[in-house]
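Per-entry structural report
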Amino acid sequence: TTEDDVTQTYGMPLATAWETATDDPWSRLQGFTIARVRTSNRVGFLYDAFGDAPFTSAVLRAIQNDQEIETAAGGKVLFRRTKALSALNIAPDVEIRRMSGEQSNTSMRVGEEAILKVYRRLQSGIHPEVEMGRFLTDVAGYRNAPATLGSIEMIGPDGVPTALGIMHQFVRNQGDGWSFTRDYLTRYLQEIEV
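Residues numbered from 1 in each chain as written. Predicted model: local features only at pLDDT ≥ 70, side-chain atom pairs only at ≥ 80, totals over all residues. Heavy atoms only, no water.

1. Observations concerning the sheet that holds strand S4 (residues 42–48)
Pairing is antiparallel in the open sheet, where three strands are placed in the order S2-S4-S3. At either margin of the open sheet sits one strand with a lone partner, and together these are strand S2 (14–18) and strand S3 (33–39). Direction aside, the axes of adjacent strands within the sheet are offset by 30° on average. Relative to S4, S2 is paired through five bridges, and the arrangement is antiparallel. Residue pairing for S4: Thr-16 is matched across the bridge by Leu-46. (Pairing = 2+ DSSP bridges. Helix = DSSP H or I, 4+ residues; strand = E, 2+ residues; numbered from the N terminus. Axes fitted to C-alpha atoms, helices over the stretch in contact; angles between N-to-C directions.)

So, in structure tokens, the structure goes:
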């Protein structure tokens, strides 16, 4: 809750990685670890599941298969693909890596084929990026923007959707809109300062 008594909801899927004689998960997960955990003689880490590629791979498969998962609260999580994803052939062992940058979400690059963007601040209701992306990709056949390949939504017991993530076609580029705009404004302000 904020100072204005506005409640904000954030999403972070969690996973546990256990130490073994051959694997110390700390070396690859320390930037995503929330807490150290222990049960009897086992020691491990509780971490942001999107810090490790296998979770993202499972989410990708769920989108490809249009899976639905029932929630304990009586709702469900829907993984939905678009026609554009059906046309792609993403290998089961595709390289997945977390992207960095100034963002309010988490983005995972799926080989050279896709970007999976996971929303961190969750808001219930129809999400414009998901709705517009699906319309432009599946209905309008619009080709002047990266195709929406799929989405993840949680449907509450009351039937209200909450967007959890979206997957877009990967388009190789030399930068991003945020950096371009920031650099342009910096140059502009330096010019008028003279």
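And the narrative resumes.
2. Observations regarding the pattern of salt bridges
Applying the stated criterion to the full structure yields eleven salt bridges. Ionic pairing is found between Arg-80 and Glu-68, a salt bridge with its closest N-O pair at 2.5 Å. Placement of Arg-80 in strand S6 (residues 76–81) and of Glu-68 in strand S5 (residues 68–70) is noted, with a sequence separation of twelve residues between them. With relative accessibility at 43%, the residue Glu-68 sits in the partly exposed group. Salt bridges linked by common partners bring Asp-23, Arg-28 and Asp-52 together as one network. (Salt bridge = Lys/Arg side-chain N within 4 Å of Asp/Glu carboxyl O. Buried < 20%, exposed > 50% of the residue type's maximum accessible area, 1.4 Å probe, protein only.)

3. Concerning the environment of Val-171
Note on placement: Val-171 falls in the loop between strand S12 (161–169) and helix H5 (177–193). Residue Val-171 is classed as partly exposed on the basis of its relative accessible area, which comes to 42%.

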